[in-house]
Amino acid sequence: MVRVPAVILGAGVVIGGVLILAQHLFIGALLIIVLGTLAMCLYIMEETRDLPEVSCYLSDDAKSVIVTNGGNAPAKEIHIALVPMNIEFDIPELGIDETYTHPLSSMATELKAAVSYTNSSGQRHSQTVRLSALDETDPLKPMFPMFSWKKED
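Each residue is numbered by its place in its chain's sequence as written, counting from 1. Two thresholds apply to this predicted model, a pLDDT of at least 70 for residue-level local features and 80 or more for giving and counting side-chain atom pairs, whereas whole-chain, interface and lining totals are computed over all residues. As a convention, hydrogens and water are excluded, and side-chain values are obtained from all of the structure's heavy atoms.

(A) Region of the structure containing the pairing of strand β6 (residues 110–118). Pairing between strands requires that DSSP locate at least two bridges from one strand to the other. In DSSP terms, a helix is any run of H or I states spanning at least four residues, a strand is any run of E spanning at least two, and both are numbered starting from the N terminus. In terms of strand pairing, strand β3 (residues 75–83) meets β6 through six bridges, oriented antiparallel. Residue V83 lies in a different strand from β6, and its bridge partner there is K112. Bridging between β6 and strand β7 (residues 124–132) involves nine bridges; their strand directions are antiparallel. Its bridge partner being in β7, T118 is matched across the sheet by R124. As consecutive antiparallel partners, β6 and β7 are separated by five residues, and within that stretch G122 has a phi angle of approximately 95°, a positive value.

Here it is as structure tokens:
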């Protein structure tokens, strides 16, 4: 964690301990709980810094692949391989919330895209994404269908 927030959090814990010992139990405990929550938030913010999130999907007419960076940092040295079309292409850099469209020579029904990229620190990330023109993905579909979720009669 950065030094200044750590010092402030440490001083707050000491003040909370003093309040607890001075018979102000609820105020001291509340201060320690709030500072603990703040410390966790700062730790999570630091851990999630510089994380690009590159995703691929087919366009509506299935004649192009759309690459999007939905993360909080630019993605660099992006390499995408489309299997089984035997197409590979590189994107030098994709900024935050930017998209890149790569046209295909013919319509594609089902593809697998092997995506690899680096962040600004040089960490290498890779993933494999299944692309299909026939899939209708529902963003509201639960991971574990319960209570006859959208049951067809």
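(B) Main features of the side chain of T118. Note that T118 resides in strand β6. Accessibility here uses a 1.4 Å probe with only protein chains present; expressed as a share of the type maximum, an area under 20% marks a residue as buried, one over 50% as exposed, and anything in between as partly exposed. Accessibility expressed as a relative area gives 8% for T118, which makes it buried. Sequence-distant contacts of T118, that is, excluding residues within four places in its chain, are made with P52, P74, A75, K76, E77, Q123 and R124. Note on contacts: a residue pair is in contact if any heavy atoms of the two residues lie within 4.5 Å.

(C) Just the nonpolar core, in detail. To define a nonpolar core, start from buried Ala, Val, Leu, Ile, Met, Phe, Trp, Tyr and Cys residues and group those joined through side-chain atoms within 4.5 Å. Among the nonpolar cores identified, the biggest contains 21 residues, and V67, I78, I80, L82 and L131 are the most heavily contacted of them. The set of elements that each furnish at least two residues to this core consists of β1 (54–58), β2 (64–69), β3, β4 (87–94), β6 and β7. Discounting residues that sit within four places of it in the chain, L131 has contacts with C56, Y57, L58, V65, L82, T109, E110, L111 and A113.

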